[in-house]
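Structural features, examined
For reference, the chains in residue letters:
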Amino acid sequence: MWPDSLAFGGDYNPDQWPEDVWNEDISLMRAAGVNLVTIGVFAWSIIEPEAGRYDFSWLDRVIDTLHAGGIGVDLATATATPPPWLIAGHPEIKPVTADGVRLEFGSRQGYCPSSPIFRDHAVALVRELADRYGTHPAVRLWHISNEYGDHITECFCDVSQEHFRRWLAERYGTVGALNDAWGTRHWGQVYGSIDQIPAPRRMPGPANPSHLLDWRRFSSDALLELLRAETSVLRDVTPNVPVTTNFMSMFYSLDYWRFAAELDVVTDDAYPDPADPHAHLDAARNYDLMRSLGRRKPWLLLEQAPSAVSWRPINVPKRPGIMRLGSYQAIARGSDGALFFQWRAPRFGSELHHSTMLPAAGTETRIFREITVLGTELAAIDEVAGTRITADAAIILDWDNWWALDADESMPSVLMRWRAALQPFYRALYHAGVTIDFVRPDDDLAEYRLVVAPNSYLLREADANRWNAYVAAGGTLLVGPFSGVVNGDAHAHCGGAPGPLADLLGVRVDEAWPLAENASAAIDIAGSVDTATIWTEWLRAADADVVGAYTGGVLDGLPALTRKKHGAGSAWYVSYLPVDAGPVCDLVLAACGIVPAPDGIERVERSDGTTSYLFLLNHGDTAVDAAAPVGEDLITGAVSAGQLRLPPRGVAIVRHGAAAAAATRGDNR
Ligand code: GAL
């Protein structure tokens, strides 16, 4: 089974049900095509009801019953909620907010990431589980903790503060080096010893941005240490069982590049909001990120809602067809399956109103019917499992940059945030039908025709040098506004923005010119008008072609969009945040020879190098005749001869030869 086939299933909480329900669960799971379930995620207090006394009897029976039913297990290490006895004995495990409030037990995931007591007990539990189940044939995957950073992303208690100081001592060696890196001469913060440094609890005014940046790095690393503590036990005891921890899509607080490096398979929990008409765009972006985090190997959609969730203020259900379409969207972008939260409707607890695969109203329900159709379909398209995706373009994502930009409390505009900068560029490339990988700023970029840095406020000189080399070798780089402003310590680059990109881009930023809320600015690009929101700049094109200029307003006539050629390569700078980056991206795509396919159909191709599978997804409410390669639709068996009719919210997966795929994309690499 997985990863040789597509996984289908969900979270399963048999510990919340009498055992006579289990057999019904298994037979209904089989009817629905379920082949993998996640169990035990929040079961610590049941498995270890008091310190050192373990009760595995129910878990033994559950795993054996699932195995007998042919269903594999994604076994949680159960460390996501510390048990009440541990909290009662060690109340210092409870996390503390920036205001000094200690959060009470009674929800979930309420632990201080730096607590050695929590970590030691968690690791002991993991060892017990690994010893007991590591060789059980049903166990396909270890599910470490749950959504690190959900609820608690940072803790400000004294234990965390000590941990932060140790982390700083390791990073800087001496307090002098730290004072230099943080620029503590500003506002009189020169420290005499690392022991004087506080966790950035609530302060009278804005905090030192370098202090905040290191706090974000530290807080991510504190949770990473927990992940490493668990993986090291599992790798030691059960080296053949792959490990994962479920990510939360594009998540601010954790540097997922560093987390993903610890995992065998990247998994994601995706909850696009059915009330948001653009939710599928953000979902596509998140799935591209998951694939990229896993170094472009298949990943796994481990949780999604069959219909409504229960944690938004208003929880709109998914209309018929949306759950199926969203599942295929994840698979199109590299997931080797589709799983849900959760299998059976609960009888109690905080998630009573969350949709489930098997609703409280039973099997004669819309949701169960849709689930069963999807499970049956996925079982018949197993051949796509393991296939890969090749992208022409890449977007640079650097958590250090995200944190430097978003955490600093003294910026030109609070609206200029990483997600705001990313959104127009990702969406424009999506609408143009371009497949995108995410890359780190120090990744090898050579294989991409186009690399986009929507914003690189924090940019290290070494990374800028790599981007220079990429363009010199013929690559096309598009850099978004407010880039090259500070270095890795959050110190300004001398000479102003775009700092180490100044020669590459051929521009100088005289002054950041953020726009008032809801204001806009106009840019003339070869006679057509583009609109900026949030951000513009007083820009000089020292040594670059002016492709677009501000028109009207204070910046009238100044360069807005520039290009500097470097042999076959070129470096573009867009000094404003476009409402719609389509016009800018169209120019850049044309320059680097990527042929857009903007017909409103989402197209992504998976391939094993010989056979290719072109996924066509219609997110619209009307049927579309979409261009398609000659081949067979895996779902309906229909043969496409250049065109295929996709009903509203319809999906096709056209199997065809790899060479034919390249021709369809206009790709002659
Ligand atoms: C996830 C979590 C699950 C469940 C789900 C509900 O964040 O991992 O345990 O709570 O949300 O949508």
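Use the structure listed above.
Let me sum up the structure you'll find in this document. (Residues numbered from 1 in each chain as written. Predicted model: local features only at pLDDT ≥ 70, side-chain atom pairs only at ≥ 80, totals over all residues. Heavy atoms only, no water.)

For the rest of this paragraph, the subject is the side chain of Glu377. Inspection of the secondary structure assignment puts Glu377 in helix H12 (residues 366–379). Looking at Glu377, its side chain comes within polar contact range of the side chain of Arg324, at 3.0 Å. The contact partners of Glu377, leaving out residues within four places of it in the chain, are Arg324, Tyr328 and Ile635. (Helix = DSSP H or I, 4+ residues; strand = E, 2+ residues; numbered from the N terminus. Polar contact = N/O pair within 3.5 Å; in protein donor to acceptor, adjacent residues only side chain to side chain. Contact = heavy atoms within 4.5 Å.)

We now examine the pairing of strand S16 (residues 528–533). As paired strands, strand S15 (residues 520–525) and S16 are joined by six bridges and run antiparallel to one another. Its bridge partner being in S16, Ile525 is matched across the sheet by Ser528. Hairpin geometry of S15 and S16 is characterised by an intervening segment of two residues between the two adjacent antiparallel strands and by a positive phi of about 45 degrees at Ala526. (Pairing = 2+ DSSP bridges.)

Let us now look at the site of the ligand. Taken together, Phe42, Arg108, Asn146, Glu147, Asp269, Tyr271, Glu303, Trp311, Phe341, Glu351 and His354 are the residues near the ligand. Between an oxygen atom of the ligand and a side-chain N or O atom of Tyr271, the distance comes to 3.4 Å. Glu303 is positioned such that a nitrogen or oxygen atom in its side chain is 2.8 Å from an oxygen atom of the ligand. Notes on the ligand: free accessible area 310 Å², of which the protein chains cover 95%. Among the residues making up the shell around the ligand, the classes are represented as four nonpolar, two polar and five charged. (Near = heavy atom within 4 Å. Areas by Shrake-Rupley, 256 points an atom, 1.4 Å probe, with all protein chains shown as cover. Nonpolar A, V, L, I, M, F, W, Y, C, P; charged D, E, K, R; others polar.)

On to the packing of helix H5 (residues 116–133) against helix H8 (residues 209–237), then. Running from amino to carboxyl end, H5 crosses H8 at an angle of 25 degrees, the nearest separation of the two axes being 9 Å. Classed by the angle they form, the pair H5 and H8 counts as roughly parallel. Of the two elements, H5 crosses H8, and the hand of that crossing is right-handed. Taken together, the residues of H8 that come into contact with H5 (itself represented by Phe118, Arg119, Ala122, Val123, Val126, Arg127, Ala130 and Asp131) are Glu225, Leu226, Ala229, Glu230, Val233, Leu234, Asp236 and Val237. Residue classes in the contact of H5 with H8 are distributed as 10 nonpolar, no polar and six charged. (Axes fitted to C-alpha atoms, helices over the stretch in contact; angles between N-to-C directions. Parallel < 35°, antiparallel > 145°, perpendicular 65-115°, else oblique. Left-handed = near helix turned anticlockwise from the far one by under 90°.)

Counting residues in hydrophobic clusters, the biggest one holds 178 residues, and the most contacted among them are Ile39, Leu66, Leu450 and Leu478. In terms of residues, this core owes the most to one element, helix H14 (residues 418–431), which gives eight residues. Apart from the residues lying within four places of it in its own chain, the contact partners of Leu66 are Tyr12, Ile26, Met29, Val37, Ile39, Ile71 and Val73. The next biggest cluster of nonpolar side chains, apart from the first, holds 20 residues, and it includes Cys157, Phe164, Tyr172 and Tyr191. (Core = buried A, V, L, I, M, F, W, Y, C linked by side-chain atoms within 4.5 Å. Buried < 20%, exposed > 50% of the residue type's maximum accessible area, 1.4 Å probe, protein only.)

Turning to the environment of Ala260, a few remarks are in order. In this structure, Ala260 sits in helix H9 (residues 256–260). Ala260 gets classed as buried once you look at its relative accessible area, which sits at 7%. Discounting chain neighbours no more than four positions away, the residues touching Ala260 are Phe247, Val266 and Leu293.

A few words now on the pattern of salt bridges. Under the criterion given, the structure shown has 46 salt bridges. Here Arg563 and Asp545 are joined by a salt bridge, their closest N and O atoms 3.1 Å apart. One end of the pair, Arg563, is in strand S19 (residues 559–566); the other, Asp545, is in strand S18 (residues 545–551), and 18 residues separate them in sequence. Several salt bridges share partner residues, and in doing so they unite Arg171, Asp214, Arg217, Asp398, Asp400, Arg460, Asp463 and Arg466 into one network. (Salt bridge = Lys/Arg side-chain N within 4 Å of Asp/Glu carboxyl O.)

The next thing to look at is the side chain of Glu370. If you trace the backbone, Glu370 turns up in helix H12. Within the structure, the side chain of Glu370 is placed 2.8 Å from the side chain of Arg366, a separation counted as a polar contact. With residues up to four places along the chain from it excluded, the contact list for Glu370 reads Pro320, Gly321 and Met323.

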